[in-house]
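Residue-level listing of the chains:
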Amino acid sequence: MSNVTVITHPLVQHKLTLMRKKDASTNSFRRLLGELSTLMAYEVTRDMPLQDVQIETPLETMTGKVIDGKKLVLVSILRAGNGFLDGMLNVVPGARVGHIGLYRDPQTLQPVEYYFKMPSEMQERDIIVVDPMLATGNSAAAAVERLKKLQPRSIKFVCLLAAPEGVATLQKAHPDVPIFTAAIDRELNDHGYILPGLGDAGDRIFGTK
């Protein structure tokens, strides 16, 4: 699958396996997701552009590197995407945060938008869209389509788990958007859940059913 990066770092894979266990508590699941998203953030931000700046160290003047352009924007697909935010913000605490509210119609499995709030001046920003699960891919594709109307500098999509069907849907709709994930699982079931997966990520993050 072109333009897809599976992050195989041992710590990422170890924490993902612990999260998959059905007896993992809400507290444990939430903590592991935060740790895992922090680890994934290093890989996702690896190619961020840099610019030179002059600074004063305690000893002398030097040229250092800082991220170029406007601040990064992390865009959470509600509600489960919020579980990714804290870990990502550990790495880039200066990032702005946007939210897209989408729910999946249980009959059609198509996304329905109910909330959209973004920072200003999106044309000069790089976007990282976060959502733990890339299942059917319909919500991800709809979110990216909505964000592209703001003409950002770039868009990446980051998820914990992906199904082959979801990857295919997002790549077909937006072949220019790189996908980062910790694993590509086997398939979707008839209800649109990833197999073997880890259940409903939102419910497990927030302790709801």
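Residues numbered from 1 in each chain as written. Predicted model: local features only at pLDDT ≥ 70, side-chain atom pairs only at ≥ 80, totals over all residues. Heavy atoms only, no water.

Note the threshold: UniProt positions are given in the numbering used here, feature names are shortened, and annotations may be inferred rather than shown by experiment.
If you check an unreviewed UniProt entry, the chain appears there as Uracil phosphoribosyltransferase from Acidovorax delafieldii 2AN. If you open the UniProt record of the chain and go to Sequence similarities (unreviewed entry), you find "Belongs to the UPRTase family." UniProt annotates the chain under Catalytic activity (unreviewed entry) with the comment "UMP + diphosphate = 5-phospho-alpha-D-ribose 1-diphosphate + uracil".

1. What to know about the packing of helix α1 (residues 10-20) against helix α2 (residues 26-44)
Put simply, the rule is: Note on method: axes are straight lines fitted to C-alpha atoms, helices fitted across the in-contact stretch only, with angles between N-to-C directions ranging 0 to 180 degrees. Comment: elements are numbered from the N terminus, with helices defined as DSSP H or I runs of at least four residues and strands as E runs of at least two. Should an angle lie under 35 degrees it is considered roughly parallel, over 145 roughly antiparallel, and from 65 to 115 roughly perpendicular; all remaining angles are considered oblique. Throughout, a crossing is termed right-handed when the near helix is turned clockwise from the far one, and left-handed when it is turned anticlockwise from it by less than a right angle. Residue contacts are defined here by distance: any two heavy atoms, one from each residue, within 4.5 Å place the two residues in contact. Asp, Glu, Lys and Arg are counted as charged, while Ala, Val, Leu, Ile, Met, Phe, Trp, Tyr, Cys and Pro are counted as nonpolar; the rest, among them Gly, fall into the polar class.
Remark: α1 packs on α2, axes separated minimally by 10 Å, with the N-to-C direction vectors making an angle of 160°. In terms of orientation, α1 lies roughly antiparallel with respect to α2. Our pair here, α1 against α2, has a crossing hand that is left-handed. Of the residues in α2, those in contact with L11, V12, K15, L16, L18 and M19 of α1 are F29, L32, L33, E35, L36, L39 and M40. When the residues that make up the contact of α1 with α2 are grouped by side-chain class, the tally is 11 nonpolar, no polar and two charged.

2. A word on the UniProt feature "binding site: uracil" (unreviewed entry) in the chain
Note the threshold: The cut-offs for exposure are 20% and 50% of the maximum accessible area for each residue type, with area from a 1.4 Å probe on protein chains only; residues under the lower value are buried, those over the upper are exposed, and the others partly exposed.
Taking the UniProt record as the reference, the feature "binding site: uracil" (unreviewed entry) is found at I194, G199, D200 and A201. The residue I194 is located in strand β12 (residues 194-195) in this model. The exposure class of I194 is buried, given its relative accessible area of 6%. Residues contacting I194, with those up to four places away along its chain left out, are M133, L134, A135, L161, A162, A163, D185, E187 and L188. One can find A201 in helix α6 (residues 201-206). Of the residues examined, A201 reaches a relative accessible area of 5% and is grouped as buried. Residues contacting A201, with those up to four places away along its chain left out, are F29, A80, P132 and M133.

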